Amino acid sequence: MNFVRITFITLLTFYCYSVKAQQPFRVATAEANPLIPSEYLYLFVDSAASLSVHQVAELKEQFKPSSTEVPHHPVTKSNFWIHFKIKNELLFTKVLITVQNAVLQNVTLYYRTENDSFTAIQITKDKPFHNRTYQSQNPVFSLPSSDHEVLYDCYLLVNSYTELQTPVYVGTAASMLQKIEEKDYSFGIYTGIMLVIFLYNLSIFFIVKDRSYLFYIIYIASVAFVQISLQGFGYKYLWPDYPRFENMSPFLFSAFTAFTSIAFIRNFLQVKLFTPRLNHFLSVIFVLYAITLLFAFSGSKHEAYNLLNLLALILALLMLWIAIYIRKTQHTRSSLFFIISWGAFLGSIIVFVLKDVGILPFNNITTSSLQIGSAAEAILLSIALADRINVLKREKEISQAEALRVSQENERIIREQNIVLEQKVAERTYELQEANTDLNTAMTKLKDAQTQLVDAEKMASLGQLTAGVAHEINNPINFVSSNIKPLKRDVDDIIELLAKYEHLGSYNLPDDAKQYLTEIETFKTEIDYTYIREEIDILLRGMYEGATRTVEIVKSLKNFSRLDEADLKYVNVNEGINSTLILLNNQLGDRVKVNKDLGSIPDVECFPGKLNQVFMNIFNNAIYAVRKREGAAGLITAKTYFENEQVVIKISDNGIGMTPEVKARIFDPFFTTKDVGEGTGLGLSIVYKIIESHKGTIEVESEPGAGTEFTIKLPKSQN
Ligand code: ADP
Ligand code: MG
């Protein structure tokens with residue numbers, strides 16, 4: 001009996017305790033909208049997820065007080081029940097209950113006033129968003145108003161494929177709506193920041209075309225979308241009519257974030273290059289994410305969600321590991337930036353988790369830590385990318401400077417080579433010029449030699465001809481000239497004899513003789529005997545003169561050619577001048593007078609034939625010049641005298657003269673001012689050579705229109 005009593009009292013005590021614990025949460029002010037403290041919340045897990053609210057309500061002793069600030073339960077297929085009581089002390093005022101978790105798939109509030117039956121309000125993600133009474137991303141339930149204080153007995157049923165994180169807020173409609181708005185604002189700020197970063201980096205991508213930027217902007221977009229999805233704003237604003245998509249969105253965006261973060265880290269940190277092994281791990285995770293997605297699509301959402309969380313943890317740590325590894329081995333700046341920004345994001349995850357397990361308080365900052373962390377990460381990474389641009393720019397500048405240096409170096413080398421080349425060219429040019437000069441000299445010599453050869457040949461044949469002619473004529477003309485005197489003597493004798501016959505008339509002669517004499521006299525008259533006698537005289541004189549001149553010419557010819565005198569000889573220059581002038585006699589004609597003033601000069605040692613050639617050329621030119629000069633009577637003067645042990649020969653004319661330009665070139669071979677056929681331009685060059693070979697000098701003075709004078713000076717002897 002006593003035992004029964006003690007047991008009863010104990011049970012009563014327990015009952016009282018539990019009754020005490022089931023104190024209702026009082027809503028007494030219109031402004032407050034607090035998180036219901038954990039001591040008001042009692043939790044029960046229906047593992048089989050089979051019990052109805054009535055059955056659960058019967059199992060009151062199974063409900064245990066919440067051990068954490070916010071009731072939560074890991075991912076499970078169970079039904080999660082939360083029991084609490086609300087006492088609405090405000091009259092005519094509705095009370096709203098909010099579960100601040102937008103990912104929960106099904107949340108149902110069962111409430112009853114004392115002894116009433118349960119009223120159920122279900123908020124599910126299986127229907128379009130607009131079906132909700134309150135257009136909030138979080139489940140919101142309302143308890144009706146009344147004209148008196150009401151105590152509500154509430155059972156909240158939660159089931160979802162996500163974590164059953166269930167913070168329950170309570171307050172009046174006005175204060176609750178204000179709270180919802182606040183959440184909207186803060187999330188608006190977050191999406192605004194992410195959008196700005198997205199657009200900013202998108203525009204940078206278009207400018208710099210760096211692939212890292214592309215991966216980065218896709219990455220932050222997917223990060224933002226994960227948040228948008230988890231916070232329920234996607235469902236509220238973006239795809240309210242697609243509950244199926246809403247249920248898949250956490251998987252899709254998480255996986256997409258994983259893919260893009262893998263792509264980004266690979267590109268940004270050059271993972272493949274620096275650590276191919278860890279890069280393989282990334283590939284493995286990539287594949288696992290894909291498998292997880294398949295799970296989710298095939299309906300195994302609970303398993304998929306668990307896998308997703310595990311993979312996220314592994315990937316986050318792997319990425320940190322990769323960044324630290326690369327930082328340690330490569331010391332790249334981008335790896336440092338990555339560690340910092342990734343660390344910030346991981347830190348925010350840690351804060352988030354610590355809040356969930358009750359180590360950190362449940363407040364606006366801890367609940368928004370993922371948004372804060374991801375925004376911070378996005379900003380830090382964007383700075384990192386900007387820094388990368390700096391690095392690239394610096395590298396580019398360095399490479400440009402290097403390229404400039406190389407091109408300057410090349411230019412310098414080219415310049416030096418140019419100088420060397422120019423020197424070589426100058427040397428070669430000089431050598432060529434030398435060679436050219438040599439060639440010119442050789443050519444001149446050859447021409448001279450040729451000229452001399454031609455001349456020598458010409459003169460030789462001319463000499464032979466004249467010599468031959470002179471020799472042939474010499475004998476006959478000698479007959480003639482030597483026969484003329486005896487002939488004249490004989491003719492004189494005959495004329496004397498005839499005169500004796502004339503005396504016959506004074507004698508008495510027979511008639512027939514007289515008659516014959518008369519006939520003779522008649523014949524004499526007939527033939528004009530007197531004239532004949534005179535004519536014979538004239539003829540003989542003419543023959544004499546002709547023969548004498550012929551002899552003289554022949555002598556001159558012989559003298560001129562002087563074939564017999566190929567060696568040096570002492571001869572008198574006057575003789576040469578005389579015989580040359582005799583040969584030129586017919587060229588002189590009436591119009592040209594020659595004045596000779598040949599002094600007594602010693603013989604000079606010379607090649608007489610050559611010297612005659614000199615006189616011949618100079619006289620020829622003089623004759624040509626005086627003939628060319630119209631109006632004046634031509635006069636050529638030849639003068640010789642002895643002075644300073646030299647024989648001086650001056651041959652002058654009053655011909656057309658020469659300009660200084662002509663005068664400067666007259667001794668050049670082939671220089672002529674005469675028409676073709678009139679001159680060869682060789683005469684004076686030969687003269688010059690001959691005088692030179694006699695160690696003599698030749699000078700010329702000339703005035704255009706006045707005349708020319710050649711002065712030749714020859715040494716007496718050649719030694
Ligand atoms: P060529 O008589 O065949 O022209 P030369 O060597 O004998 O060649 O003379 C060269 C040139 O010198 C002549 O063409 C002429 O212009 C000039 N010359 C030579 N002698 C005289 C002169 N006495 N008066 C004027 N010009 C002269
Ligand atoms: Mg001439």
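Residues numbered from 1 in each chain as written. Chains lettered and ligands numbered in written order. Predicted model: local features only at pLDDT ≥ 70, side-chain atom pairs only at ≥ 80, totals over all residues. Heavy atoms only, no water.

Caption draft 1: Structural context of the overall build of the chain. Along the backbone of the chain there are 19 helices and 17 strands. For a compact globule of 719 residues, the expected C-alpha radius of gyration is about 27 Å, and the chain comes in at 74 Å, more than 25% above that figure. Considered along the principal axes of its C-alpha atoms, the chain spans approximately 250 × 55 × 45 Å. Counting every position in the chain, which comprises 719 residues, the buried fraction comes to 40%. (Helix = DSSP H or I, 4+ residues; strand = E, 2+ residues; numbered from the N terminus. Rg over C-alpha atoms; globule rule 2.2 N^0.38 Å. Buried < 20%, exposed > 50% of the residue type's maximum accessible area, 1.4 Å probe, protein only.)

Caption draft 2: Broad picture of the sheet that holds strand β16 (residues 697–703). As summarised here, the arrangement of the five strands in space is β12-β14-β15-β17-β16, forming an open sheet in which the pairing is mixed. A strand with exactly one partner marks an edge of an open sheet, and here the two such strands are β12 (592–598) and β16. Shown here is a sheet whose adjacent strand axes are inclined to one another by a mean of 10 degrees, direction ignored. Pairing between β12 and strand β14 (residues 634–643): seven bridges, direction parallel. Counted as the bridge partner of Asp-597 is Lys-639 from β14. Sheet contacts for helix α15 (residues 573–583): β12, β14 and β15 (646–653); angle to β12, the most-contacted strand, approximately 165 degrees. Sitting on the sheet, helix α19 (residues 683–693) is in contact with β16 and β17 (707–715), with an inclination near 145 degrees to β16. (Pairing = 2+ DSSP bridges. Axes fitted to C-alpha atoms, helices over the stretch in contact; angles between N-to-C directions. Contact = heavy atoms within 4.5 Å.)

Caption draft 3: Region of interest: the site of ligand 1. Around ligand 1 lies a shell of 18 residues, among which Thr-672, Thr-673, Lys-674, Thr-680 and Leu-684 are the nearest. Thr-673 is positioned with one of its side-chain polar atoms (N or O) 2.5 Å from an oxygen atom of ligand 1. In the model, an oxygen atom of ligand 1 is placed 2.8 Å from a nitrogen or oxygen of the Gly-681 main chain. Out of a free accessible area of 530 Å², ligand 1 has 94% covered by protein chains. Listed by contribution, the elements that provide at least two residues to the shell around ligand 1 are α17 (608–628) and α19. (Near = heavy atom within 4 Å. Polar contact = N/O pair within 3.5 Å; in protein donor to acceptor, adjacent residues only side chain to side chain. Areas by Shrake-Rupley, 256 points an atom, 1.4 Å probe, with all protein chains shown as cover.)

Caption draft 4: Structural context of empty space enclosed by the protein. A full pass over the atoms with the stated rule returns one cavity of 30 Å³ or more. In this model, the largest cavity occupies a volume close to 40 Å³. In this structure, the largest cavity is lined by ten residues; those nearest its centre are Val-571, Asn-572, Val-573, Gly-576 and Asn-612. Looking at the lining of the largest cavity, the elements that each hand over two or more residues are α15 and α17. With four residues, α17 is the single largest residue contributor to the lining of the largest cavity. (1 Å grid on protein atoms, 1.4 Å probe; cavity = no way out; pocket = protein on both sides within 12 Å on 5 of 7 lines; lining within 4 Å. Points joined across faces, edges and corners; volume = space filled by probe spheres on them.)

Caption draft 5: The arrangement of the side chain of Ser-160 in detail. Mapped onto the elements, Ser-160 comes out in the loop between β9 (150–159) and β10 (168–172). A polar contact of 2.8 Å, which involves the side chain of Ser-160, links it to the side chain of Thr-162. In contact with Ser-160, not counting residues within four places along its chain, are Thr-76, Val-103, Leu-104, Gln-105 and His-302.

Caption draft 6: How the structure looks around the layout of surface pockets. Its boundaries defined by the atoms lining it, the largest pocket holds a volume of some 1,400 Å³. In this structure, the largest pocket is lined by 45 residues; those nearest its centre are Leu-230, Asn-309, Ile-349, Phe-352 and Leu-370. Elements with a minimum of two residues in the lining of the largest pocket: α4 (211–230), α6 (243–269), α9 (301–330) and α10 (333–356). Examining the composition of the lining of the largest pocket, we find that nine residues originate from one element, α10, more than from any other. Looking at the lining of the largest pocket residue by residue, the classes come out as 27 nonpolar, 14 polar and four charged. Here the lining of the largest pocket gathers at least three residues from each of two domains, domain 1 (20–175) and domain 2 (182–388). (Nonpolar A, V, L, I, M, F, W, Y, C, P; charged D, E, K, R; others polar. Domains from an automatic or database assignment.)

Caption draft 7: Representation of the packing of aromatic side chains in the model. Counted under the stated rule, the structure contains 29 aromatic pairs. Consider the rings of Tyr-216 and Phe-264, whose centres lie 5.5 Å apart with planes at 45 degrees: the pair is tilted. Of the two residues, Tyr-216 is situated in helix α4 and Phe-264 in helix α6; the sequence distance between them amounts to 48 residues. Each member of the pair Tyr-216 and Phe-264 is classed as buried. (Phe/Tyr/Trp six-rings, centres within 6.5 Å; stacked < 30°, edge-to-face > 60°.)

Caption draft 8: Up close: the pairing of strand β7 (residues 119–124). Relative to β7, strand β6 (residues 106–112) is paired through six bridges, and the arrangement is antiparallel. Looking across to β7, one finds that Val-107 is bridged to Ile-123. Counted between consecutive antiparallel strands, the loop separating β6 from β7 contains six residues, among which Asn-115 sits at a positive phi close to 65 degrees.

Caption draft 9: Representation of the sheet that holds strand β5 (residues 95–99). Strand order in the open sheet formed by three strands is β8-β5-β10, with antiparallel pairing between adjacent strands. Of all strands in the sheet, those with a lone pairing partner are β8 (140–143) and β10, marking the two edges. Strand-to-strand twist across the sheet, computed as the mean angle between neighbouring axes with direction ignored, equals 25 degrees. In this sheet, β8 lies alongside β5 in antiparallel orientation, the contact comprising four bridges. Pairing of Ile-97 across the sheet is with Phe-141, part of β8. Sitting on the sheet, helix α3 (residues 173–208) is in contact with β5, β8 and β10, with an inclination near 130 degrees to β10.

Caption draft 10: Examining the domain arrangement of the chain more closely. Parsing the chain into structural domains produces domain 1 (20–175), domain 2 (182–388) and domain 3 (565–715). Counting residues at the interface gives 29 residues for domain 1 and 26 residues for domain 2. Together, Lys-125, Gln-137 and Tyr-161 form the three largest contributors to the area buried by domain 1 at its contact with domain 2, with a combined 29%. Inspection of the region where domain 1 meets domain 2 yields two salt bridges. (Buried area = accessible area lost by both parts, 1.4 Å probe. Salt bridge = Lys/Arg side-chain N within 4 Å of Asp/Glu carboxyl O.)

Caption draft 11: Examining the confidence of the model for the chain more closely. Per-residue pLDDT for the chain averages 86, and the proportion of residues at 70 or more is 94%. Note that pLDDT drops below 50 for residues 8–20; the model gives that stretch zero contacts with residues more than four away or on any other chain. (pLDDT = per-residue confidence, 0-100.)

Caption draft 12: Summary view of the pattern of salt bridges. Under the counting rule described, the total for this entry stands at 19 salt bridges. We note a salt bridge from Asp-387 to Arg-333, for which the minimum N-O separation is 2.7 Å. Here Arg-333 lies in helix α10 and Asp-387 lies in helix α12 (residues 369–502), a separation of 54 residues in the sequence. Residue Asp-387 is classed as buried on the basis of its relative accessible area, which comes to 9%. Taking the relative accessible area as the measure of exposure, Arg-333 reaches 44% and is therefore partly exposed.

Caption draft 13: Fine view of a nonpolar patch on the surface. On the surface, Val-284, Phe-286, Val-287, Leu-288, Ile-291, Phe-295, Leu-307, Leu-310 and Ile-314 cluster together into a nonpolar patch covering about 700 Å² of accessible area. Elements with a minimum of two residues in the nonpolar patch: α8 (276–297) and α9. Among the structural elements, Phe-286 can be located in helix α8. Using a relative accessible area of 34% as the deciding quantity, one classes Phe-286 as partly exposed. (Patch = residues over 30% accessible without salt bridge, like charges linked within 9 Å, V, L, I, M, F, W, Y side chains within 5 Å.)

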